[in-house]
Amino acid sequence: MYDPEMVRPMRQELTRLGFEELRTPDEVDAVLARERAPMLVVVNSVCGCAARNARPPPRLAIQNERRPHAW
């Protein structure tokens, strides 16, 4: 498990953009069960190149005119 202080900036980057943080499988299941419109789900990562490359695409996706109902 990663030190919470080490991963906080990666988590905050997406929550600042309006992404809802889901930290357990049960939280993910609950949101996906209640939401019927298209939804963008991002699996955040701190390892290797994913730490650098995983978050910019979702940021660009929600700036598009055609975007998911929720993120």
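All values reported here derive from a predicted model rather than from experimental measurement.

What the protein contains, in helices and strands, is four helices and zero strands. N-terminal to C-terminal, the α/β element order of the protein is α-α-α-α. Counting only residues that meet the buried cut, the protein has 17% of its 71 residues in that class. Within the protein, counting contacts between residues at least 6 apart in sequence, those at least 24 apart form 60% of the total. In the form shown here, the protein has an accessible surface area of approximately 5500 Å², with 55% of it arising from carbon and sulfur atoms.

The full count for this structure, using the stated rule, is five salt bridges. Among the salt bridges present, the one from Glu-5 reaches Arg-8, with a minimum N-O distance of 1.9 Å. Linking Glu-5 with Arg-8, this pair stays in helix H1 (residues 4-16), spanning three residues, or about one helical turn. Judged by its relative accessible area of 48%, Glu-5 falls in the partly exposed class.

Here we take up the confidence of the model for the protein. The share of residues in the protein with pLDDT of 70 or more is 89%, and the mean pLDDT across the chain is 82. Here helix H3 (residues 48-53) stands out as the element of the protein with the lowest mean pLDDT, 68, in contrast to helix H2 (residues 25-34), whose mean of 92 is the highest.

The rules behind each value
- Residues numbered from 1 in each chain as written.
- Predicted model: local features only at pLDDT ≥ 70, side-chain atom pairs only at ≥ 80, totals over all residues.
- Heavy atoms only, no water.
- Helix = DSSP H or I, 4+ residues; strand = E, 2+ residues; numbered from the N terminus.
- Buried < 20%, exposed > 50% of the residue type's maximum accessible area, 1.4 Å probe, protein only.
- Contact = heavy atoms within 4.5 Å.
- Areas by Shrake-Rupley, 256 points an atom, 1.4 Å probe, with all protein chains shown as cover.
- Salt bridge = Lys/Arg side-chain N within 4 Å of Asp/Glu carboxyl O.
- pLDDT = per-residue confidence, 0-100.

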